[in-house]
Amino acid sequence: MDKLTCKIVEMESELRHFAFKLTADQDSANDLVQECMLKALDNKEKFVHAQNFKGWMYTIMRNLFINNYRRATREMSMIDDNYTISQQSMIEAEDADRFEYAYDLKELHKVINAVPESMRRPFLMYVSGFKYTEIAEKMGLPVGTIKSRLFFVRKRLQKDLKEFGN
């Protein structure tokens, strides 16, 4: 194995790191590294030894990534040109689902807003990500009180939402 081939193989871990930065996907990064190393090995006679070897390898990888991205974009635009009526009806069905989802959210907000403020506030804080202790501290109440209020709100929401579903 000649010196340049050894350098290409030795750069694999650095290339893998750079490829993962570009693709943000492990499998795609592995494919990109393999493609880059193959291209470098196929074109090693074109490398001028006075140049920056690492820069040459990174340039090959970046160009491969850009070309792959452009190819994927072109393929997607070809798919868009073949847009069919059945796809349009699928989108319309999704829009109907979105409407029902928005309607359900309005009902959920109605049910939550029907809960008394003293119980709704800790519930909204809990749903926002606060822990029991944080809610108790902010409201100046014991942790047990917060837990029981959350329990009662959950029960009430289950009952009210079950009635809404029927």
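Bear in mind that the values here come from a model prediction, so they are computed numbers and not experimental data.

**Things to note about unusual backbone geometry**
Thought 1: Backbone geometry at Ala24 places phi at a positive 60°, although glycine is not the residue there.
Thought 2: Overall, the relative accessible area of 60% leaves Ala24 in the exposed class.

**Some words on a negative patch on the surface**
Thought 1: Judged by side-chain charge, Asp25, Asp27, Asp31 and Glu35 come together as a negatively charged surface patch.
Thought 2: Structurally, Asp25 is set in the loop between helix H2 (12-23) and helix H3 (26-42).
Thought 3: Classification of Asp25 as partly exposed rests on a relative accessible area of 35%.

**A closer look at H3**
Thought 1: For H3, spanning 17 residues, the distance from its first C-alpha to its last is 24 Å, which sits close to the expected 24 Å at 1.5 Å a residue.
Thought 2: Along H3, the residues that are buried comprise Ala29, Leu32, Val33, Cys36, Met37 and Ala40. Buried residues in H3, looked at end-on, bunch into an arc of 130°, giving them a common side. Turned more than 90 degrees away from the buried face of H3, the exposed residues are Asp27, Gln34, Leu38 and Asp42.

**A few points about the environment of Ala19**
Thought 1: As for its placement among the helices and strands, Ala19 is situated in helix H2.
Thought 2: For Ala19, a relative accessible area of 0% gives the class buried.
Thought 3: Taking the C-alpha atoms as reference, Ala19 lies 8.4 Å from Phe65; in sequence the two are 46 residues apart.
Thought 4: In this view, Ala19 contacts Ala24, Ala29, Leu32, Val33 and Met61; residues no more than four positions away in its chain are not counted.

**Some words on the side chain of Asn43**
Thought 1: Relative to the helices and strands, Asn43 is located in the loop between H3 and helix H4 (53-81).
Thought 2: Within the structure, Asn43 has its side chain in polar contact with the backbone oxygen of Lys39 (distance 2.9 Å).

**Some points on the packing of aromatic side chains**
Aromatic ring pairs are reported here in terms of the distance separating the ring centres and the angle at which the planes meet.
Thought 1: By the definition in use, this model includes six aromatic pairs.
Thought 2: A ring pair is formed by Phe47 and Trp56, whose centres lie 5.0 Å apart and whose planes are at 45°; its orientation type is tilted. Accessibility assignment for this pair places Phe47 and Trp56 in one class, buried.
Thought 3: When the ring of Phe151 is compared with that of Phe152, the centres are 5.6 Å apart and the planes differ by 70°; the resulting orientation is edge-to-face.
Thought 4: Phe151 gets classed as partly exposed once you look at its relative accessible area, which sits at 42%.
Thought 5: According to the relative accessible area criterion, Phe152 is partly exposed, its value standing at 49%.

**Considerations on the nonpolar core**
Thought 1: One finds Leu15, Cys36, Phe53, Trp56, Met57 and Met61 to be the most contacted residues of the largest nonpolar core, which totals 18 residues.
Thought 2: Ignoring any residue separated from it by four or fewer positions in sequence, one finds Leu15 in contact with Val33, Cys36, Met37, Met57, Tyr58 and Met61.
Thought 3: One finds Val111, Met139, Leu150 and Val153 within the second-largest nonpolar core, a separate group that totals twelve residues.

**Regarding the pattern of salt bridges**
A side chain with one charge can pair with a side chain of the opposite charge if their charged atoms come near.
Thought 1: One pass over the structure, following the stated rule, counts four salt bridges.
Thought 2: The salt bridge involving Glu14 is made with Lys54; its shortest N-O contact spans 3.0 Å. Of this pair, Glu14 sits in helix H2 while Lys54 is found in helix H4, placing the two residues 40 residues apart along the sequence.
Thought 3: Here Arg120 and Glu117 are joined by a salt bridge, their closest N and O atoms 2.8 Å apart.

Rules of the game
Residues numbered from 1 in each chain as written. Predicted model: local features only at pLDDT ≥ 70, side-chain atom pairs only at ≥ 80, totals over all residues. Heavy atoms only, no water. Buried < 20%, exposed > 50% of the residue type's maximum accessible area, 1.4 Å probe, protein only. Patch = residues over 30% accessible without salt bridge, like charges linked within 9 Å, V, L, I, M, F, W, Y side chains within 5 Å. Areas by Shrake-Rupley, 256 points an atom, 1.4 Å probe, with all protein chains shown as cover. Salt bridge = Lys/Arg side-chain N within 4 Å of Asp/Glu carboxyl O. Lys, Arg positive; Asp, Glu negative; His and termini not counted. Charge placed at Lys NZ, Arg CZ, Asp CG, Glu CD. Helix = DSSP H or I, 4+ residues; strand = E, 2+ residues; numbered from the N terminus. Expected span 1.5 Å × (residues − 1). Arc of directions from axis to C-beta. Contact = heavy atoms within 4.5 Å. Polar contact = N/O pair within 3.5 Å; in protein donor to acceptor, adjacent residues only side chain to side chain. Phe/Tyr/Trp six-rings, centres within 6.5 Å; stacked < 30°, edge-to-face > 60°. Core = buried A, V, L, I, M, F, W, Y, C linked by side-chain atoms within 4.5 Å.

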